[in-house]
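Topology and contacts: notes
Listed below are the residues making up each chain.
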Amino acid sequence: KVAAATTTCVLLRGDSGTGKNLAARIIHYNSPLESGPFVELNCAAVPANLLESELFGYRKGAFTGATTDKRGIIEESSGGTLFLDEIAEMPLELQAKLLSFLESKRLRRLGEVSEREVDTRLIAASNRNIEEMVSQGKFRQDLFFRINVVNCNLPLLRRLGRDVLLIAEKFIHDFNQQFNKSITGLEFEAEIKLLAHRWPGNVRELQNVIERAVV
């Protein structure tokens, strides 16, 4: 249902390693936008002073080092999906500019006067408690309301019961192909250990465990 609603903002919540990136891709590739681009940016991985130009692009000469015109990732995602991971790490002043774009679907590159219209669908993700950040003045309330249209909470791996074994079998299949192995599955003792583990790293930790075992 979420995938079909191509103009609806989605906020994915969950601890690190619960698969927010995968969930975003599932939404995109099962939507009418699947033939369009899927553009991803981890807001925590880009220095704050560079994040604006990464998102909105810039005009040649807008600042030192801007030797050519450059489209930002919002423009790059036109006709598809923009996935902003760790959106809670975005500086407050940039949050206001993102909100303005979401409301108008128009943006201005750094150093430009004219605006450009961009049609893209936003999926955001965070492992932070954004409501608490709003109360502390660290995240704009109006932006939170704008991105929190459909809220999807991704569960911790240890809460998935025997689904842990299904996911492990999928990883075994994948790593068999990657490393040219022919492992047939899990022994009973291995299943017991997988089900008993707390998985603080969630699905990412399980993937690494299976990869190590296959290697």
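Residues numbered from 1 in each chain as written. Predicted model: local features only at pLDDT ≥ 70, side-chain atom pairs only at ≥ 80, totals over all residues. Heavy atoms only, no water.

Remarks on unusual backbone geometry
Its identity is not glycine, yet Glu86 carries a phi of approximately 50 degrees, on the positive side. Along the polypeptide, Glu86 turns up in the loop between β3 (81-85) and α4 (92-104). The exposure class assigned to Glu86 is buried, which follows from its relative accessible area of 12%. Unusually for a residue other than glycine, Asn180 sits at a positive phi of about 55 degrees. Take Asn180: it is sitting in the loop between α7 (163-179) and α8 (188-196). Assessed through its relative accessible area of 72%, Asn180 is described here as exposed. (Helix = DSSP H or I, 4+ residues; strand = E, 2+ residues; numbered from the N terminus. Buried < 20%, exposed > 50% of the residue type's maximum accessible area, 1.4 Å probe, protein only.)

Things to note about the sheet that holds strand β1 (residues 10-13)
Taken in spatial order, the five strands make up an open sheet running β2-β3-β6-β1-β7, and their pairing is parallel. With one partner strand each, in any of the chains shown, β2 (38-42) and β7 (150-153) form the two edges of the open sheet. The sheet shows a mean angle of 20 degrees between the axes of neighbouring strands, taken without regard to direction. In terms of strand pairing, β1 meets strand β6 (residues 121-126) through four bridges, oriented parallel. Note that in β6 the partner of Leu11 across the bridge is Ala124. (Pairing = 2+ DSSP bridges. Axes fitted to C-alpha atoms, helices over the stretch in contact; angles between N-to-C directions.)

Observations concerning the pairing of β3
In terms of burial, β3 is a largely internal element, five of the five residues being buried. The side-chain alternation of β3 yields two buried faces, one formed by Thr81, Phe83 and Asp85 and the other by Leu82 and Leu84. In terms of strand pairing, β2 meets β3 through five bridges, oriented parallel. Bridge pairing in β3 links Val39 to Leu82.

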